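An overview of the molecular structure
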Amino acid sequence: YSPGLGLPVDAPELSARELQVARMAAGGSTSRAIAEDLGVSPRTVENLLGRVYAKLGVTSRSELADALGSAGG
């Protein structure tokens, strides 16, 4: 367990931005809302989420929420 990221030690490491976007998406924010909050394009948010999904082995925001929640995030 990695207390800094709230992910299991064997989980692929997410960048700070990936983790930020993942948490916002898992919390129910839309890609457009995340983009507006972070000052980036919705496409950038989708690209980040794609990398997060691949690293965590999930395919949806609900799976993402489960993955972050079960990891103590």
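Note that this is a predicted model, so its numbers are computed, not measured. (Residues numbered from 1 in each chain as written. Predicted model: local features only at pLDDT ≥ 70, side-chain atom pairs only at ≥ 80, totals over all residues. Heavy atoms only, no water.)

1. Describing the environment of Ala25
To keep things clear, this is the line we draw: Helix and strand assignments follow DSSP, with helices taken as H or I runs no shorter than four residues and strands as E runs no shorter than two, numbered in order from the N terminus. The cut-offs for exposure are 20% and 50% of the maximum accessible area for each residue type, with area from a 1.4 Å probe on protein chains only; residues under the lower value are buried, those over the upper are exposed, and the others partly exposed. Residue contacts are counted whenever heavy atoms from the two residues lie within 4.5 Å of one another.
On the secondary structure map, Ala25 appears in helix α1 (residues 16-26). Accessibility expressed as a relative area gives 3% for Ala25, which makes it buried. For the pair Ala25 and Arg61, spaced 36 residues apart in the sequence, the C-alpha separation amounts to 6.5 Å. Those residues in contact with Ala25, other than ones at most four positions away along the chain, are Ile34, Leu49, Arg61 and Leu64.

2. Looking at the packing of α1 against helix α3 (residues 42-56)
We count it as follows: Each axis is a line fitted through C-alpha atoms, and for a helix only the stretch in contact is used; angles between axes span 0 to 180 degrees, taken between their N-to-C directions. In what follows, roughly perpendicular refers to angles from 65 to 115 degrees, roughly parallel to angles under 35, roughly antiparallel to angles over 145, and oblique to any angle outside these ranges. In this classification, the charged set is Asp, Glu, Lys and Arg, the nonpolar set is Ala, Val, Leu, Ile, Met, Phe, Trp, Tyr, Cys and Pro, and all remaining amino acids, among them Gly, are polar.
It is at 9 Å that the axes of α1 and α3 come closest, and there the two elements cross at 95°. Classed by the angle they form, the pair α1 and α3 counts as roughly perpendicular. Where α1 abuts α3, its residues Arg17, Glu18, Val21, Ala22 and Ala25 lie against Val45, Leu48, Leu49, Arg51, Val52 and Lys55. When its residues are assigned to classes, the contact of α1 with α3 shows seven nonpolar, no polar and four charged.

3. Details of the pattern of salt bridges
Applied cut-off: Salt bridges are defined by distance alone: a side-chain nitrogen of Lys or Arg within 4 Å of a carboxyl oxygen of Asp or Glu.
Under the defined criterion, the tally for this structure stands at three salt bridges. Between Lys55 and Glu18 there is a salt bridge, with its nearest N and O atoms 2.8 Å apart. A residue pair is termed long-range when its members are at least 10 positions apart, and Lys55 in helix α3 and Glu18 in helix α1 qualify at 37 residues. Residue Lys55 is classed as partly exposed on the basis of its relative accessible area, which comes to 30%. The closest approach of N and O atoms between Glu46 and Arg61, which form a salt bridge, is 3.9 Å. Here Arg61 lies in helix α4 (residues 61-70) and Glu46 lies in helix α3, a separation of 15 residues in the sequence. With relative accessibility at 26%, the residue Arg61 sits in the partly exposed group. Through salt bridges with shared partners, a single ionic network connects Glu18, Arg51 and Lys55.

These results come straight from atomic positions and should not be treated as a statement about function.
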